[in-house]
Amino acid sequence: MTPVQSSLTLKPSKHQKSKQAANGIENNIIHGVESLIRAMLKKHRTPFMLIKRSVLEKQYKRFRKCLPQVAPYYAIKANPDQGVIKTFINLGASFDVASGAEMKYVLSLGASPSKIIFANTIKSPEDIVFARRRKVRLMTFDNEPELYKLSKDYPGAHVLVRIKVANSGSVVELSLKFGADAEHAFFLLRKAKALGMVPMGVSFHVGSQATNVENYLQALEISAGIFNEAKESGLPLKILDIGGGFPIQHFDNEVGINFERMAGQIRQQLKTLFDNNVKFIAEPGRFLVGPAGILVTQVMGRTFRNNKNYYYLNDGIYADFSGMVFDHCRYEFKTLRRGQKFLSTLAGPTCDSFDTLSSNEEIPELYVGDVVYVKNIGAYSCASAVANFNGFPPAKIVMV
Ligand SMILES: *Cc1c(COP(=O)(O)O)cnc(C)c1O
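Residues numbered from 1 in each chain as written. Predicted model: local features only at pLDDT ≥ 70, side-chain atom pairs only at ≥ 80, totals over all residues. Heavy atoms only, no water.

Asks: I would appreciate a short explanation of helix α6 (residues 144–153) in the present structure.
Replies: Since the α-helix turns once every 3.6 residues, residues separated by three or four places project in the same direction. Listed as buried for α6 are E146, L147, L150 and D153. The buried residues of α6 occupy an angular sector of 140° when the element is viewed end-on, so they sit on one face. Every exposed residue of α6 that faces more than 90 degrees away from the buried side is listed here: P145 and K152. Against α5 (125–133), β5 (138–141), β6 (158–162) and α7 (182–194) lie the buried residues of α6. One side-chain oxygen of the residue at the start of α6 lies 2.8 Å from the amide nitrogen of E146, identifying that residue as N143. (Buried < 20%, exposed > 50% of the residue type's maximum accessible area, 1.4 Å probe, protein only. Helix = DSSP H or I, 4+ residues; strand = E, 2+ residues; numbered from the N terminus. Arc of directions from axis to C-beta. Contact = heavy atoms within 4.5 Å. Polar contact = N/O pair within 3.5 Å; in protein donor to acceptor, adjacent residues only side chain to side chain.)

Asks: I tried to follow the site of the ligand on my own but got confused; where do I start?
Replies: Close to the ligand lie 14 residues, the nearest being K77, S208, E283, R286 and Y380. In this structure, an oxygen atom belonging to the ligand sits 2.9 Å away from a side-chain N or O atom of K77. Y380 is positioned such that a nitrogen or oxygen atom in its side chain is 2.5 Å from an oxygen atom of the ligand. The fraction of the free accessible surface of the ligand (390 Å²) that becomes covered by protein chains is 92%. Applying the majority rule of atoms within 2 Å of the grid points places the ligand in the second largest pocket. For the shell around the ligand, the residue count by class is four nonpolar, five polar and five charged. (Near = heavy atom within 4 Å. Areas by Shrake-Rupley, 256 points an atom, 1.4 Å probe, with all protein chains shown as cover. 1 Å grid on protein atoms, 1.4 Å probe; cavity = no way out; pocket = protein on both sides within 12 Å on 5 of 7 lines; lining within 4 Å. Sits in = over half its atoms within 2 Å of the grid points. Nonpolar A, V, L, I, M, F, W, Y, C, P; charged D, E, K, R; others polar.)

Asks: Where do I start with the confidence of the model for the protein chain in this structure?
Replies: Parts of the model with low pLDDT should not have their predicted coordinates read in detail. Of the residues in the protein chain, 94% reach a pLDDT of 70 or more, and the chain-wide mean stands at 93. Across residues 1–12, where pLDDT falls below 50, the model places three contacts with residues more than four positions away in sequence or in other chains. (pLDDT = per-residue confidence, 0-100.)

Asks: I would appreciate a short explanation of the domain arrangement of the protein chain in the present structure.
Replies: Interface size is often expressed as the accessible area that is lost when the parts come together. Taken domain by domain, the protein chain holds domain 1 (34–50 + 291–399) and domain 2 (53–290). Centre-to-centre, using C-alpha coordinates, domain 1 lies 33 Å away from domain 2. Of the residues lining the interface, 20 residues belong to domain 1; the matching set on domain 2 comes to 24 residues. Linking domain 1 to domain 2 there are three salt bridges. Put simply, D327 and R286 hold a salt bridge, and the shortest N to O gap is 2.8 Å. (Domains from an automatic or database assignment. Salt bridge = Lys/Arg side-chain N within 4 Å of Asp/Glu carboxyl O.)

Asks: When you look at the packing of aromatic side chains in this model, what are you seeing that I'm missing?
Replies: Pairs of aromatic rings are described using the distance from one ring centre to the other and the angle between the two planes. A complete count under the given rule lists 15 aromatic pairs for this structure. Here the aromatic cluster, defined as three or more aromatic residues joined through ring pairs, consists of F63, Y216, F246, F259 and F287. Geometry around F118 places K123 over its ring, the cationic atom sitting 5.5 Å from the centre. (Phe/Tyr/Trp six-rings, centres within 6.5 Å; stacked < 30°, edge-to-face > 60°. Lys NZ or Arg CZ within 6 Å of the ring centre and 35° of its normal.)

Asks: Mind showing me how you'd approach the pairing of strand β1 (residues 48–51) here?
Replies: On a regular strand, one side chain projects to one face of the sheet and the next to the other, so that they alternate. Neither face of β1 is exposed, since F48 and L50 on one face and M49 and I51 on the opposite face are all buried. Bridging between β1 and strand β18 (residues 396–399) involves four bridges; their strand directions are parallel. Of the residues in β18, the one forming a bridge with M49 is I397. When β1 meets strand β12 (residues 293–305), the two strands line up antiparallel, connected through four bridges. For M49, the partnering residue across the bridge sits in β12 and is L295. (Pairing = 2+ DSSP bridges.)

Okay, structure coming up:
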């Protein structure tokens, strides 16, 4: 039995020590972020979004390390900034695009057609023709009418059938709109072959910010069933696309998100359920770019309403905080000021009351010109911003 440590001992316990060390690291990180912000304020007008290249690289390497047998196709909708795409091209990433325009854009930045998946199950005929012309062969589908479109405009396309899987616990549901019933998957792949396409495999998406690993494990089991059925019928499949959804931490003290553990379980399941010659790919968006973004705004005006300090920032719901609507996201608002905290409201600059960011933030008293910043906001933020609603420009993106 290990002796119980007395609470009177002066020496800090192992646990306390590691907690102190963690706080020390956290303080250093905050200090680093804030000095970066102060330096950037001298060069750029707010609002601006800093994208840290080192964090993009770190996230990419984390993904590769934890899922070494899975090739990441960055889902560019999460943040299509040029600098972000170029960084991932240099790292050797592949790309997930959802339209001809996205395809054209990543190709123009230098991505190779063999490293692109057209991962929208519904494609316009023009975009199908464009994919054929530009030799982007790999794509997903989930219904028969789409196969007729492909057989007309892109015979020979390599297709993955997207199946509907559980999205329980994910912040953003994606299976409400897409995915064939798993029971029909093999029928659809056979049909694809009959119509002149090359049936390559299966894809799924467990929903975005998927904190529940069970969704992945269950989806892998269902996919393995389809792979077995196909093999027994003499139509062996070669590619499994495990989609995106990999979660990130938005708040400093958030618990329950552990990518390393989650990836470990997925890795094990891939090894157990699939043949050695199956190629695995994934479509991470948020995971690769979310932690790299820091949004920096300033207080434009302040008042006192409903017994609270009330601050109007120069960025809001219509622009870089659009993720609060479309991505159901909540953020941790931080200030460069220290001192006593008061319950406060933060709002965006537009004339709409809906443009309110939070009505219960505990923050120090702020003055016009003071900075309010948010970390981990690189995904689904500037990507879905409306340009210049009410004349307020969205954040300038600055790669650092
Ligand atoms: C949005 C989307 C992704 C990226 O999802 P994340 O949750 O950001 O990883 C990947 N694949 C498809 C088909 C998507 O629609």
